[in-house]
Amino acid sequence: MLTVMSPMYVKVSRLKSVLIDDSKPRPVLLLGAGASVKSGIPLVRDLVQQIARVGYCHDHGWDYRDPRPQQSDWLQWLRSQTWYDEAAPLELTYPQLVERVLVPKQVRKDFFQRALRERATPSPGYQHLADLVAKGWLRTVLTANFDDLIYQSCRALPGAALIEAVKSPFEMHLVSSDPAMPQVVHVHGTVEHYTDCNLEDETRTMHPDVKVAINPLLKDHPLVVVGYRGAEPSVMKDLLLDGSQAAGNYPHGIYWCARRVDELHPQVLDLAAQVGTNLMVVPVDGFDELMSELNEGTARSARVAQPTAPTTTELQPAAISTDQLDWRFIEAELPAVADALGIAVPSTIDRDWLSDVLVQLNLAAERAGGETHPTHAGELLLSLDGPITVEINWGTIRRTVAGNICQVLADATELLTEANAPFRLKGPKSVNVRPYPPLALKELLVNCLAHANHDAGTPISVTGGVETVTFVNQGSLMEGVDALGLGRTSNRAYRNPVVANFLYGFGAMDKFGSGLVHVREWAQEDGGDASFEPDGCSFVATVRARPERPDEGATIARPADGYEVFYANALPVRFRRGFVDMGATTATSRAEVFERNTGVQTAPFNPHGGNLLTLSDLEATTNPLASEVRGSVKHVAIRDFCQDPDDERLLVQLLNESLRRHAKDRGLLVYGREQRLYFPKSVDGERRISYHGRLKDSTRTVVKVRRSRTTNQVTYYEHHAVRWQFRRFGDDWHLLLVPGWIFTRDGEEDLLHPKRVTSLSTRRAARDYNPNVSAHLYFWASMLVGDDAREIVLADGSDAVVLERQPVTAHLAGVPSPAGGEDDEGDHTDLELDELEGELERLVLADNEDDE
């Protein structure tokens, strides 16, 4: 007869001795749902009730927050569903409700983010857990939960705040058996990435990539299981039972922490029978009590260096207010940063939540009365007029980029990409290459921004040439960093840990401690090299170019594989108030309003359906349009206003009028029917304009006089022009610009026949290449916004619409781009056009004959 042995039982003190043994591998902790109950995370039965209530509200067209539905309502609704098994315990119906009620996937995501995170506050056990992470005793936490309690707890501790979060099967390659910083691995995915496992089919087996990543950890480290019953098959059967042989039956032991009042699940007994005394049961009173006992009196691990205080003033109050932060950037990017750093992102994001995240990330601090104020780190990263400068001197490029760290990173990266011009390397098979690895240049720029001593106020310097490119930033080596070991993963420290933490969440820093290593690897792969050394109070990084040099006059081509910057023909637009104001009016046309306000500058407006619409404030006493409104004024958020396509068209009409007024204010002519802007001729005919181009100061001819070759008489004028369109993408608005030309007889408003204009434009555009078009885009951005400004409030009388100068760009690695000329700046008007002049002259003469 086969005798099944009972599992071996040990005390918490035995587990603690394993945890704090510096000579042994660090334990891996597996957290289950039981660890989060005291933190306010609902149990499965509670979740079933909440889902059923959501289903009832959906079927009756009610908002889930409506207080009217009672338990008897949703319970009766649940029993009426044909798929519901009333005889089954309520908690066993959980997968069915998730599958049938929480659809589509976005509804499922929103529900779990509300249910599992909005009311959750880490219990004392999580605080002790974070302390053990900060002390260096725990480096890997596996979790089957969807809450963010561990991130909330660790965020406030310097030694635990920087966590590698592995949240989906597609990120499992990031899991390390000896991580440089603490790592949290979500074995069941996450709701925000739509990879959560809640259905029966989803929890029957574990994703193969997850098993491949976790199995080596279980073989080489003790496993401590807390808050987990052992009922779920993907962990118990697919991972632990079926994987025990590959893991050597877990030679470092499994410590199964079970509440004294609970019986062991049959699958736990099966695992104990399979691995024998390698599984030990640790009776505990609960998760909080266990973590408290493990942490009490525990000193810092000798393997983890004492944290050193930053030498900069990151956490000190900044000299700016929160209103001087770039809130447009914060609204667009902070939710993704928060998600990457393990902070729960709600379905509805408002200013209060954003401010709270800034405080959590130490980019702002709370003052008495609940008011928040930016820290110095917040100023460096997010201020509208940031104190960071980067001086780039490379070939013909002499530019100083200024702003906050995020702005400077984007702008300087574009300049370095352009300066690192590609060439074609000839051989048995010709390839397109660049002198320096583009990602290496970006990595060094990020390194300078993250680790410089920004208190010194000295610009970061980038000097490039044919053979080398050198980055210099202020800041001697941090204590504990070996100068001879620069470029090794184990040789690292953070002068600005708050800045580094944000850049990690922002995606600019791929992995702490590996940046310089990759720079050297990339350079050596191309036949070059990289060196890093301190120079007094500065840090110097030098990259040597690949040994090949482009032949003089060689055709320049973009590489087939590398780091590229792509430009969209779109300038961001934002609304200072964020509302469309409307009020009842007796005016039936714009002319009526203008007649009653002769000589008065009004904001753009539109009488429609008995209401007057405008982006200006109709309740402002200084607004001339206020006198046109009868009764109360309604303020409609732009997002809500645009729900109706017809209303959105009315808003576009207001924006078009804003741009027309602004363009005229800047000396441009408007061809309204086709929504084109162009320059008039000068007194002498031709008009030339100097401006700050993308890479250097440039001059271009914006009005060209075309004369007959036979009579030398003016045949027509060729004007640089741009066609515009306002478009909404989601909640974001952009001004789309399409550069082109307009042709006139008089250099102003006497346009050639439309057919001739089309013919001339087609021939003219055929001589432009994609890089030239991007240069045109930058030129028009400069004309509309100004050379020295990042944005401008449109001069339309409303003070409501802001236009940004920087076109939308995409930074991508490993993608092909079209071949084409790199003639990016300067005077494009005459580009290969003379060869067409005879044909163009014949077209104009024919046009004149048609008119006669």
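What you see is a predicted model, and the numbers here were worked out from it, not measured in a lab.

Caption draft 1: Structural context of the packing of helix H1 (residues 12–19) against helix H12 (residues 287–295). Look at H1 against H12: their axes get within 10 Å of each other, and the N-to-C directions meet at 55 degrees. As judged from the angle between their axes, H1 and H12 are oblique. Of the two possible hands of crossing, H1 and H12 adopt the one that is right-handed. Between H1 and H12, the residues in contact are Val-12, Leu-15, Lys-16 and Leu-19 and Leu-290, Glu-293 and Leu-294, respectively. Residues that form the contact of H1 with H12 fall into these classes: 5 nonpolar, no polar and 2 charged.

Caption draft 2: Structural detail: the pattern of salt bridges. Applying the stated rule across the entire model yields 27 salt bridges. A salt bridge links Glu-804 to Arg-574; its shortest N-O distance comes to 3.3 Å. Placement of the pair is Glu-804 in strand E32 (residues 801–804) and Arg-574 in strand E20 (residues 570–575), with a sequence separation of 230 residues. One salt bridge connects Asp-581 with Arg-577, and the closest N-O pair in it is separated by 3.1 Å. A cluster of three or more residues bridged by salt bridges with shared partners is formed by Arg-328, Arg-574, Glu-791 and Glu-804.

Caption draft 3: A look at the pairing of strand E30 (residues 732–744). Counting buried positions along E30 yields 10 of 13 residues, so the element is predominantly enclosed. Two strands pair when backbone bridges link them, and E20 and E30 are joined in this way by 4 bridges, in the antiparallel orientation. Bridge pairing links Val-573 to Trp-733 in E30. Summarising the sheet, strand E29 (residues 714–729) and E30 pair through 13 bridges and their orientation is antiparallel. Each bridged residue has a counterpart across the sheet, and for Gln-725 the counterpart in E30 is Leu-736.

Caption draft 4: Structural view of a negative patch on the surface. A surface patch of like charges, here negative, comprises Asp-350, Asp-352, Asp-356 and Glu-366. Residue classification places Glu-366 among the exposed residues on the basis of a relative accessible area of 54%.

Caption draft 5: Molecular detail of the packing of aromatic side chains. By the definition in use, this model includes 12 aromatic pairs. Relative to Phe-287, the ring of Tyr-126 lies with its centre 5.0 Å away and its plane at 55 degrees, an arrangement referred to as tilted. Note that Tyr-126 is positioned in helix H6 (residues 124–134) and Phe-287 in helix H12, a separation of 161 residues in sequence. An identical accessibility class is assigned to Tyr-126 and Phe-287; each is buried. Among the aromatic residues, those joined into a cluster by ring pairs are Phe-679, Tyr-691, Phe-779 and Trp-780. Here Arg-351 stacks its cationic end above the ring of Trp-327, 3.6 Å away from the centre of that ring.

Caption draft 6: Here's a closer look at the sheet that holds strand E24 (residues 630–637). Strands sit in the order E22-E23-E21-E24 across an open sheet of 4 strands; the sheet is antiparallel. Edge positions in the open sheet fall to strand E22 (605–608) and E24, since each of these has one partner strand only. Neighbour to neighbour, the strand axes of the sheet diverge by 25 degrees on average, direction disregarded. Sheet topology places strand E21 (residues 579–584) next to strand E23 (residues 611–614); 4 bridges connect them, and they run antiparallel. Bridge pairing links Gly-583 to Leu-612 in E23. Contacting E21, E22 and E23, helix H22 (residues 645–665) runs over the sheet at an angle of about 145 degrees to E22.

What counts as what
Residues numbered from 1 in each chain as written. Predicted model: local features only at pLDDT ≥ 70, side-chain atom pairs only at ≥ 80, totals over all residues. Heavy atoms only, no water. Axes fitted to C-alpha atoms, helices over the stretch in contact; angles between N-to-C directions. Helix = DSSP H or I, 4+ residues; strand = E, 2+ residues; numbered from the N terminus. Parallel < 35°, antiparallel > 145°, perpendicular 65-115°, else oblique. Left-handed = near helix turned anticlockwise from the far one by under 90°. Contact = heavy atoms within 4.5 Å. Nonpolar A, V, L, I, M, F, W, Y, C, P; charged D, E, K, R; others polar. Salt bridge = Lys/Arg side-chain N within 4 Å of Asp/Glu carboxyl O. Buried < 20%, exposed > 50% of the residue type's maximum accessible area, 1.4 Å probe, protein only. Pairing = 2+ DSSP bridges. Patch = residues over 30% accessible without salt bridge, like charges linked within 9 Å, V, L, I, M, F, W, Y side chains within 5 Å. Areas by Shrake-Rupley, 256 points an atom, 1.4 Å probe, with all protein chains shown as cover. Lys, Arg positive; Asp, Glu negative; His and termini not counted. Charge placed at Lys NZ, Arg CZ, Asp CG, Glu CD. Phe/Tyr/Trp six-rings, centres within 6.5 Å; stacked < 30°, edge-to-face > 60°. Lys NZ or Arg CZ within 6 Å of the ring centre and 35° of its normal.

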